[in-house]
Each structure stands twice: as C-alpha cells, then as structure tokens.
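Structural features, examined
As a plain string of letters, each chain reads:
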There are 4 protein chains.
Amino acid sequence: MGSKQINACVLGASGYTGAEMLRLLASHPFINVTAATANALAGRKLTDVYPHLSSYGGMELTTVEDVDWSDVQVAVSCLPHGTSQDVVEGLPEHVRVVDLSADYRFRDAAVYSEVYARSHLTPERTASAVYGLTEFARPYLADAKTVACPGCYPTATLLCLLPLSEAGLIEKRGLIIDAKSGVSGAGRSLKEGNLFCEAAEGLHPYGVGTHRHAPEIEQELTARFGESVRVTFTPHLVPMTRGELVTIYADLAEGQAVESAHAALSARYADETFVNVRPLGSLPPDTRHVRGTNRCEISVHADRVDGRIIVIGVIDNLTKGSAGQALQNINLMYGFEEGEGLSILQPLFP
Amino acid sequence: MGSKQINACVLGASGYTGAEMLRLLASHPFINVTAATANALAGRKLTDVYPHLSSYGGMELTTVEDVDWSDVQVAVSCLPHGTSQDVVEGLPEHVRVVDLSADYRFRDAAVYSEVYARSHLTPERTASAVYGLTEFARPYLADAKTVACPGCYPTATLLCLLPLSEAGLIEKRGLIIDAKSGVSGAGRSLKEGNLFCEAAEGLHPYGVGTHRHAPEIEQELTARFGESVRVTFTPHLVPMTRGELVTIYADLAEGQAVESAHAALSARYADETFVNVRPLGSLPPDTRHVRGTNRCEISVHADRVDGRIIVIGVIDNLTKGSAGQALQNINLMYGFEEGEGLSILQPLFP
Amino acid sequence: MGSKQINACVLGASGYTGAEMLRLLASHPFINVTAATANALAGRKLTDVYPHLSSYGGMELTTVEDVDWSDVQVAVSCLPHGTSQDVVEGLPEHVRVVDLSADYRFRDAAVYSEVYARSHLTPERTASAVYGLTEFARPYLADAKTVACPGCYPTATLLCLLPLSEAGLIEKRGLIIDAKSGVSGAGRSLKEGNLFCEAAEGLHPYGVGTHRHAPEIEQELTARFGESVRVTFTPHLVPMTRGELVTIYADLAEGQAVESAHAALSARYADETFVNVRPLGSLPPDTRHVRGTNRCEISVHADRVDGRIIVIGVIDNLTKGSAGQALQNINLMYGFEEGEGLSILQPLFP
Amino acid sequence: MGSKQINACVLGASGYTGAEMLRLLASHPFINVTAATANALAGRKLTDVYPHLSSYGGMELTTVEDVDWSDVQVAVSCLPHGTSQDVVEGLPEHVRVVDLSADYRFRDAAVYSEVYARSHLTPERTASAVYGLTEFARPYLADAKTVACPGCYPTATLLCLLPLSEAGLIEKRGLIIDAKSGVSGAGRSLKEGNLFCEAAEGLHPYGVGTHRHAPEIEQELTARFGESVRVTFTPHLVPMTRGELVTIYADLAEGQAVESAHAALSARYADETFVNVRPLGSLPPDTRHVRGTNRCEISVHADRVDGRIIVIGVIDNLTKGSAGQALQNINLMYGFEEGEGLSILQPLFP
C-alpha cells in the first residue's frame, strides 16, 4: 500500500447508494475498501448480491459489529437516516465519517428533530459537521471530522440557486422548485410503488408541501440570503432509473435580467470540472446528459412573465446527488485530486 | 342505419390522435366512420397501418380529395395545425367540423397568427368556433358549426383553474404551471428525440418560456378573470407513452384557504362523469389512474408557503386531452349520451 | 337481480390476476362481485388498494373466513398455488370453483406433488377438474365443478401446438419453446428482481431447464399426441408490464410443409373470436397487438432449415393468459355469451 | 504526440455505433480522433449533435470528401453496409480499415451478394479481410489491412459456440439460436418501429427465417466444424436501449454431458479479460450485467430433454457487439494493451 493510500469501510452496502459508492471506489487508485457492511446479508459474497461489482472478487458482506476499525481511516455511511447516527456514534474516535443520510445535514439538531421526527443523539456532531456541497465546502473539508453529504434534490437546487442568492440577483420570496427524479431516488426498499409494474408508464408527485428536502434547501438559502427563506418544493417520481431534474422559478431582483443571472452562474462555475452552465439560448439539458457521471448541467431561461427566470439543473441522483459527491468530498478530505475515481465524463448514450 | 346514426370522416388518420379517434369510434353505436384520410398512405389498408384496429376490417385509407362528402355529417380533423385549416376550408357547407389541431382555438385570428407564425385563412370561422372544453362548453355545442378541441395541456390546466378563477379564489398574477407529458404528446413524427433510444431513461423540459399552449391557457383565463392574465408554463417530456400531469402553483386570494379552493372544485365537478376531485388530504393522482380513459383526476394541496396552494391534474393526453374530449363534444353536438363510446372508466392496471 | 345473474367471490384480490379479474368483472352485466378477499388487507377499501377500480365504490376487502357463501355461486381463486387448494377445500359444496393457480392443472396428483413439491389435498378433485383452455374445453365446461385455468405460458404454447399435434403435422420430438414475458407475470410479490430499477433496461432467462410450466405443457401434448412428449422450455423476463410471446421451433412430420401447418391452424381457429391466425407471409405479431385484450395472435413461418417451422404466439399474460380466459370459462359454465365482459378487442395504441 | 500515438478518422459518426466509437475513443490515451464524418450533418459541432460527447470540444463533423488523410493511420467505418465499401474503396492506400458494417464479413463475395442483394466492389478485399472476433482473431490482427468486425448477434453466438464446435462437443445439426436485442440494435434510423411509443411495452420477432446474421454465423461455424452447417436463428426486439442475449439450444455429441461443455468453455476463456463463463449451476446472466462494457457473460445449463444443453450469452450490442470489439481489434493492430480504453468493467447499476 502506497503512502498515499487510505482504507475505507462502506456502511450499508446493500442499497443503491451503497452499490454506487462501491462502483466508484472500485476504480479509485488510492482508496481500498476493506469492509462493506449489510447486516441482513452478512456472510454473502458481494458479487452474489451485486453481480455487476465483479472486481471485488471474493469480498464478503459483513455486520457493523464485525468490522475491524483499527486500520480504517474513513467510514462512508450509506445507511438510512436514524440508523446512520446510531452506528456512527459507536465508531472509534480516529475514524472520519462521510455520511450520505440526512443525519448530519442540519446544523441545528432541533430542526432535525422536527423534520425527521426523532431526537438527535449528538447535537454537537451535527452542529460541527461540514455540509458537503463540494463546490461550496472546499475550505472546510480538509479538516472535517464529519461530512454530511447533501440530499439529491438540495444538491441540484442549491447549485442553481446559491450563486444567484449570494449575488442578490433574485428575490428570496416566491421561489418554487418543481423537481423530478428517477425511481432509484426511492431506494431499494421493497414497496409496491417501486415495482416495475407500478412505476413504469406513470408519473405522480409525492410529499406535496411536506417533503423533507425543503427545510434542508431553506437552511442553506437562509444562510446565503442572510434572512429567513421559505420555498415551495414539489418532487415527482418519473419512470426512469437514474436522473434528477429541477425546474426552478425565481423572481429577479429589481434591475436584474436573465443575462445578469446567467453571467453570475457562468462566472461562478467557469473553473469547475463537475458543473457546467450552458450558454444563454441553449436547449435545456436532459438527465441523460449526465447519467452515470458526477456532473451537473445548468441552463437559464427568461420566462414569458416579465421579471421571472427559469433555471434548469440536472444531475444523476446516485452520483453527484449522492455517492459521487461523497467521493468528491473524500478526495478533498485526503488531499487527492478532486476528480479521482470520477473521471467518467461521457455518459452512456444511447 | 338507424335514424340516430351519423356518418363521420376522420381526417389525418395516420397520427396518434387519429388512431385514438378511430379506436374510440370503433365502439360507438351511432357513429359510422365512412372514410379515414391519410394522403401519404392512401390506398393502404387501415389494419396494415394499425394492426390494433382490426375491427375496421378491410377499410382503406384514402386522400382528402377522394372522400365523398355527400352523406357525411361531421369531419373530425386530426391534421396538424395549418394543414387542418387548409383542408377544412375546402369542405362542403353541410359538414360540421370538430378540429383537434390549434387552428380554431383562438377567437382572435391575430393572436393565432402571432403564436403559430402564419396568417389565418378564415378569421371569421375561428372567431365563431366553440372552444370545446366540454365541461364548460355544453350550452354552445348543440349548434356549433366548428368545435376547436383544446390542447392537451390547456385541458388539464383549465379544468383545474377555471372553477378557482371564476369564484375569485386565486390571484391572477403569479400562476405557474409545471407540466409533464408522455412521448405520444409529441406525435408520430419521425424525429430523433422521439426514438426509443433517445426518449427512454431521460427527462427534459422543452419550449421553456415559449410554448404555444401558454397563450391558449391565457385566452381562457383572461375571459374568466375578466382581466388580462399572463402565466408561466413549462412542459417536460417524460419517458412514458401516454399521460399528462400538471402541477399548478397558485396564490390564494385574500381570505381564502385550501379548504375553500377544494370546496369550489369539488362542487363544480360533483355531477361530472369525467372529472373527479379527490378528497382533501388524499394522495395526488398518478397518470396511470386515467390511462386510456377520458377522465381527469384532480387533487388540491396546501403548500408549506402560506397563502399558496398546489393543484395537481392528470389526464390521458390522447383521450381527455384530445380524441376522447373530441368525441365527448360530438356526442353533445348530435344529442347522444355524453359518455357514449367513452365508457371505459377502468384503466389497465398494471 | 335478473334471473340470469350470478354472484361471484374473488379470492386473493390483492395480486395482479385478482386485480385483472375485478377489472373485467366490473363491466360484466350478469356477474355481481359480492366479496373480494385479501387476508392481509382485510378492512381496507378496494379503491384504496386499487385506485383504478373506482367503479367498485365503497367495497371493502375481506378475509376468506368472513365471506358469506350462502348466495355465492362461483369462487374465482386468484390465490397462489398451495394456498388456493387450502382455501378451496373449505368452500361449501354448492360453490363452483374457477382456479387461476396451478393447483388443479394436473390430472395426476403425483405429478403435481413432484412439480410443486407438496402433496395434494384432494387428488380426486384435481383428477376431475376441467383444464380450462377454453377453445379446447367447451364441451366440459357447462357441468364443471372445478375449472383449472392454464398457466400463461401453456395457454400461448398450446393454442399454437394443439392443432398441429392433433393433425399429426409435427414431430413430437425436438419441440423447443422459447418464451418471453412481461414483469407482471412474476406477480406483485415484493422481490428485488421485480423492482423498477432492477427490471428496466435488462433481460434474462429464468428457470432454465426447470420451469414448472413445462410439465403442464407436456401433459396436454402427451394427451394429444397419444404418446409421451418432453419439451424444451425457456422463459425470459422482458422489461415491459404486460404481454407474452412464445417462439416455437418444431420439426414437420414427413411430407408436411409450412403451408399445411398454416392451413391446419387457420382452419381450427376460423370461427374463434379470441384466436387469430395471420395469413402466411404476414409479419409476426407484437405483444402490443393484444395488450389488455383476451386475444391470441398466431403466425407461422418457414425456417431456413428445411423441415422446420417457427410458430409465434402472443397473448396478454393477465388476460387470455389468466383472468380473461377464466372469465371466458365462467361465461360458458353459466350459459352467458362466451365473450361477455371481454369485448375490448382494440388494445390501447400507442 | 507520443511516438506510440496514432490518428483515427471515424466515418459515419452520426449513428449509434459511431457515437459509441467516439465515446470509447474519448478516453483512449494513444488514439487521436482527427476527423469524424457525417455527410448530412457536416459543419455542425459534434457536441451539438451529441451533447454527451462534451470532451470533443469544438470539433465539427465533416464530409468524407473533406477529410485530410495524410496523417491518418486508421479509418473506423461506422457507415451502413454498402455505403461503407463505397467509401472504403476511395481511401488512400496507407489507411488501414476497421469496418463495423457487414461489407467485409464474408470471405466469399458471392455469399455477400446473395445475402445483401448487391454485388461487391472488391471481392479480393473481402476475401483477405480479417473477421475480427477478437478472441479468435489475435494472430491475424497485427498485419491486417482490413478488419471486418462481426455483427452483434454473431459475436454473442460465436463466443458461445466456437469452443464447443472446435472440441466436437455438440452436433452440428439442429442448432437453434433464439436472440433478443435492445432497440439500439436497429440503429438511429427514423422508422416508426423505432419510436418510443411503438417500441415501449411490446416485443416482437423480426426477420424470422431470413435474418442476415444467420449466414454470417454459418460461415464461421462451417469453418470450425469442417463441414457445412445451417442454423435456425430468430431475433426479437426488446423494449430496452442496449443489450443482447442469445439463448442457444444444442444437442450434445455422443458421450458428452453438460459438464464437458462447461469445462471446454471455461478453459477456453480462463485467461480472457472480456469473456467470463459462470460456474455450472449459476443463475444465467442478465444483459444489465454487461451494459456499457466490452464484456460477454456466458452460462451453460442442462436441458430437461436428455442430451441437449442450453447456452446463454449476453453482450452490450454497441460495445462488445460493435464499437468496443472494434477498439479491441485496433489495440491489437497497433500493439496497444488489448483493453486500452475499454477498462470499464463495472456496468452502471441500477
């Protein structure tokens, strides 16, 4: 093992984000996966559960209890919220945590308790965790003990809105986020609504007015606007496996125009590898343009109603919206190239 | 032929709305299809082009020029806009017209010219045509010479919004319609974007800020509000064949609440066969709940932003959004039961 | 209730075949559904479980134990095999049984025991049950106490092969049936392989060399050939909801040709409503041509290998392959028109 | 440019195989794409036509006539058959050709003429072309002037059958290949059957008894068996974008068993990177297990009919079945690592 190498344990490897994490880590030159946990499947070969992960050879899934943490530097938790903090609190002190659940996303544990309807085990950890929207978190990652990776919808939404709110180009009132996600966003849980025969050839909204990603978006916008923000947020389930698209309706601040909004976004991301703002006048992106990659594509459009703009953002919910962004964060935590293990920029087409 | 029977000619039978029209007419007891035109396919058997329409036996597609109109009462035009008026203007005086294109939807031919970028052949016909949103058009249908069937998006949108605007329950400013449609909404034209390999597993908006259904929605809302209305409208292409869903964001008028909005919609449609408003607190509908039927399902939700409601409407774009509503109109034009030939209320599931 | 009317109870209404049975019965003029059971969902409204079955109004699902059988003439069992016979054996004597499971398909209970790995509760009932492949079972249905509806694959396969085997046109050795089914064929059970994200965009065979429908096909072919037959049968799971296609490879008997095979099939089904043999030289059918209908479409093709033919058959696995054929049988059991409640001959297109 | 580097021109870049070729070449360290032709789209930016190929920056599509061949070593033709030879014949002498069409697959131009219904421009080139089924073509690739990449179906079929036929383990008579392909196998041509609305939710066979890949398979099997072979071959169109599966029915030679067949396949591919034979008793592969990769997965099964085996092979039709295998061949032609640019072994899941 080279001096640069680190060892990682993937917690909760049996779900889709866990599987995506393992897929990406498989080609990372400096990170060794020394354990992958899935308590219900412990003892089974990883390749039996996920035939597509053949490069893991004979590795067996294990329980959290059986992990030897002595030589592990980082735990990547792909566990569901609630379960994640239960497990994380039991880890040895030397293990840094990258959490893909919602458990450390709220700086204020009281907000977490209200939104997720359970009290938080360690308010101090969530208060000090870094909110890992990578393009806005770089200064804090190198020393982070706990990184809370953003939800998939907040990732796409905030990448579109933060540069506009920071620059004061949009009104903080009236923001509407109409979001659409592929079925993998609902996870691998065995619910009738996730069955092929019930998700194919249909479309519906869910969590109308009540989805938990709205307060998460508001926390970050409130911090940028410097004033309390409340947003409208409606997610929809779309009959495709991967991909997420947000259609954002925003009122321009006095004196602003679509050109200034576009310029601010373009400037903000000009040097970013994983975020691309299309030229004004371009067609909006399709989720297929980023499928299987860590990229976010953004377009900005004038509305037919004066003073309003429409911003479109697309990501792959399992990559930039989850495991990909987690790896981007890990790279920065350990001084690797930010894009290491994330080099696939060309999605599969068709 | 019974005294009640009429003869119909379907113009433009080779597209999806034409095919849907023929599918529905196949089981109508009082309407005989005496001709179906498709100039490019003239001479081919209907069942060769559409194997699923086996009940039409040996009927051959024909050209418009070859139709014998002497015993035809009604022409159902499924032609594209522009082409439709070209053909309709040449029909004999005694033939009534039910048009599924956009050609007679605007009462003001100048608006049509601007939106569809061509001048109108007969401004007087479009001025007097009945806008066939059936549930709001009944008094005018019996004597209508020309019925303009609404666009699919306007159908779903207006069924949600008209009762609210009539009753003054919502603000006319700030209306946002985020719409999603299956691929059949794009028609049967041979474009790369309609290919399976390019529409499957992806999602994108189109016509952002510029779609032609926005002015059509505005014409009707303006008439109801009694004041000029401008709406935000963004359609998206979803990887499914049929189905359309609108997510409408509206600000309540002073003193109104989600309950009053819901009550107004419920009361308005209490006696309607084809429009159903779900009880307050219900899950929003899925497009699958109306697939292949002439129904519209509506739900109303309080937003997390005070004073704003979210209204969801779903239809099958080819049925209530096109051929089904056309048939509903024809039934009323000729004194048949309104639901004749439209009795399938149970969509296929799964 | 007219004198012609009967009352039916649907057992196991929560699965896809149960739902399909209820969908079809909803428009049957002479059959009243007086109870629908689903033990795990007892007490819930049918329309909550299946929003598409709105015509059932307030009917609640119930347990088997709570059904009042006194005025029920027929039990339609959509229960899984094994469970079905457990329930059926407890029914009152006057109730006739139409079973959609495998429990009464084998005349010899010993074969059942071997194939389904459990002993049979009532060998005598299975010995006397009518194998309800309707087009070949008519003489026996009027007086049948128990009707065993064929499996979906056997239905499509036998409709193609029985006329050929009866007429001695094909060899009994070497028959190969390569079958493909939509995901609804796997039922509504919550298994990972049935999830949208794991069934979409993929294809695989299952039960290679071991599927339970092979012995069922052999039982019927053996009866027709008058000699023991063994077939090769390989089913595949296809990423679509409904539809089933069998591709059958058969060697012609000495002196026979594709023309004689086609003639025999055409003659056999010339007067059938639900089976159609395409003219020689036609394109093979697509499963879409029969989607949601009770029809079977068959085509016959010469192979490029001399002396071999290829027969293609398509059905909707939930309709002709299950609930539709069950209803066709019930109609004959009670002297209704054979096609009552099955009149939709035009599948939805697109 | 390093001394190892070569320049390539992709002919026919606008179709799916062209796009896949460009996707793979984008990450090849030693091959520069200096031109990509698409006569109908000449002058347009590659990224406008294929937004997913963003790494090609400002490259414009060009016409064949405008290519400067002086510094190009290899032409990769993704043109349709017929067109391909028309263009290839006009290339300068120093350009080596890797052809993905059918134009050089038949060693005997007379067979080509019969199968593809046109005479061959250069019988001598097709006679000397290397049939590029890489695992069986290695000795001939280094010096090949023209490499004919196999069809997608022949690739999957021959990888399964050649080791068995070479070792004399199966009978040459009676081979049946039932094949299934995703819609991308039909190319990007604008035909109604390729539209989303007509390919989704359906399945059908095509070219029954007449498909052009059968003679190609026979050419290779005949060479291995040393005796003329005729096969039954039936392809089916499956509603998914990528992926291909062959289900092969073969009679074992006297004295052979499924174990010896499995052992022969396993031994033959033990050292291969891109072909994997699953252990006897494994579940058969799914096309998803190889999606977007250059791999072929094979399983072998005993049939329930004595003396017959069933062999399953899956590939991605656009990768191992087309552009991936082409690149594997190019690597060997120029002395690169065989897997260069083909390192993605983990398909996207879900």
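So, here is what we can say about the structure in this document. Owing to the predicted nature of the structure, the values given are computational and were not obtained by experimental measurement.

Now for the overall build of chain A. A count of helical and extended segments in chain A gives eleven helices and 13 strands. The C-alpha atoms of chain A give 20 Å as radius of gyration, which agrees with the globular expectation for 350 residues (20 Å, within 12%). Along the first, second and third principal axes, the C-alpha atoms of chain A reach 60 × 45 × 40 Å. By residue count, 66% of the 350 residues in chain A fall in the buried class. Across chain A, the fraction of contacts at a sequence separation of at least 24, relative to all contacts at a separation of at least 6, is 69%. When the accessible surface of chain A is summed, it comes to about 11,300 Å², and 49% of that surface belongs to carbon and sulfur atoms. Side chains of chain A give 28 positive and 41 negative charges; the mean places of these two sets differ by 3 Å.

This part covers the nonpolar core. Judged by nonpolar contacts, the single largest core of 102 residues is most densely connected at A:Met21, A:Val98, A:Ile330, C:Met21, C:Val98 and C:Ile330. Judged by nonpolar contacts, the second largest core, of 101 residues, contains B:Val76, D:Val10, D:Ala13 and D:Tyr50.

Take the relation of the copies chain B and chain D next. Relative to chain D, chain B is turned by 180° and slid 0.0 Å along the rotation axis, the superposed coordinates differing by an RMSD of 0.0 Å. On this basis, the relationship between the two copies can be described by a two-fold rotation axis. Most of the interface of chain B is mirrored in chain D: 100% of its interface residues are interface residues there too.

Before going further, it helps to examine the packing of aromatic side chains. Residue and element names in this part refer to chain D. Counted according to the given criterion, the structure contains 34 aromatic pairs over all chains. Taking the ring centre of Tyr334 as reference, the NZ or CZ of Arg96 above it sits at 4.9 Å. Positioned above the aromatic ring of Tyr104 is the side chain of Arg125, whose terminal nitrogen or guanidinium carbon lies 5.9 Å from the ring centre.

Attention shifts here to the side chain of C:Thr155. Relative to the elements of secondary structure, C:Thr155 occurs in helix H7 (residues 152-166). Residues contacting C:Thr155, with those up to four places away along its chain left out, are C:Leu133, C:Pro150, C:Ile315, C:Lys320, C:Gly321 and C:Gln325.

Residues and elements named next belong to chain D. Mapped onto the fold, Ala129 is located in the loop between helix H5 (123-128) and strand E5 (130-131). Judged by relative accessible area, which is 10%, Ala129 ranks as buried. Between the C-alpha atom of Ala129 and that of Ala144, which follows or precedes it by 15 residues, the distance is 7.2 Å. If we ignore the near neighbours within four places in the chain, the residues touching Ala129 are Tyr104 and Thr146.

In this assembly, 18 residues from chain B lie in contact with 18 residues from chain D. Taken over both partners, the interface formed by chain B and chain D buries close to 1,700 Å², and the fraction arising from carbon and sulfur atoms is 66%. Ranking the residues of chain B by area buried against chain D places B:Leu190, B:Phe196 and B:Cys197 at the top, with a combined share of 42%. At the surface where chain B touches chain D, the tally comes to four salt bridges. Here B:Glu198 and D:Arg188 are joined by a salt bridge, their closest N and O atoms 2.6 Å apart. At the surface where chain B touches chain D, the tally comes to six residue pairs in polar contact (both at pLDDT 80 or more). Take the side of chain B that touches chain D: its biggest share by element is four residues, from helix H8 (residues 196-199) of chain B.

Residues and elements named next belong to chain B. Among the six residues in strand E7 (residues 176-181), six count as buried, and that is most of the element. When E7 meets strand E9 (residues 232-237), the two strands line up parallel, connected through six bridges. By the bridge assignment, Lys180 is partnered in E9 with His236. Note: E7 against strand E10 (residues 244-251), six bridges, orientation antiparallel. Of the residues in E10, the one forming a bridge with Ile176 is Tyr249.

Our focus in this paragraph is the sheet that holds strand E11 (residues 275-277) of chain C. Residue and element names in this part refer to chain C. On the basis of which strands lie adjacent, the open sheet formed by seven strands has the order E8-E9-E7-E10-E13-E12-E11 and mixed pairing. Edge positions in the sheet fall to strand E8 (204-205) and E11, since each has one partner strand and no second. Looking at chain direction, E11 and strand E12 (residues 296-302) are connected through three bridges and run parallel. Looking across to E12, one finds that Asn276 is bridged to Glu297.

Procedures and definitions
Residues numbered from 1 in each chain as written. Chains lettered and ligands numbered in written order. Predicted model: local features only at pLDDT ≥ 70, side-chain atom pairs only at ≥ 80, totals over all residues. Heavy atoms only, no water. Helix = DSSP H or I, 4+ residues; strand = E, 2+ residues; numbered from the N terminus. Rg over C-alpha atoms; globule rule 2.2 N^0.38 Å. Buried < 20%, exposed > 50% of the residue type's maximum accessible area, 1.4 Å probe, protein only. Contact = heavy atoms within 4.5 Å. Areas by Shrake-Rupley, 256 points an atom, 1.4 Å probe, with all protein chains shown as cover. Lys, Arg positive; Asp, Glu negative; His and termini not counted. Charge placed at Lys NZ, Arg CZ, Asp CG, Glu CD. Core = buried A, V, L, I, M, F, W, Y, C linked by side-chain atoms within 4.5 Å. Least-squares fit on C-alpha atoms with pLDDT ≥ 70 in both. Phe/Tyr/Trp six-rings, centres within 6.5 Å; stacked < 30°, edge-to-face > 60°. Lys NZ or Arg CZ within 6 Å of the ring centre and 35° of its normal. Buried area = accessible area lost by both parts, 1.4 Å probe. Salt bridge = Lys/Arg side-chain N within 4 Å of Asp/Glu carboxyl O. Polar contact = N/O pair within 3.5 Å; in protein donor to acceptor, adjacent residues only side chain to side chain. Pairing = 2+ DSSP bridges.

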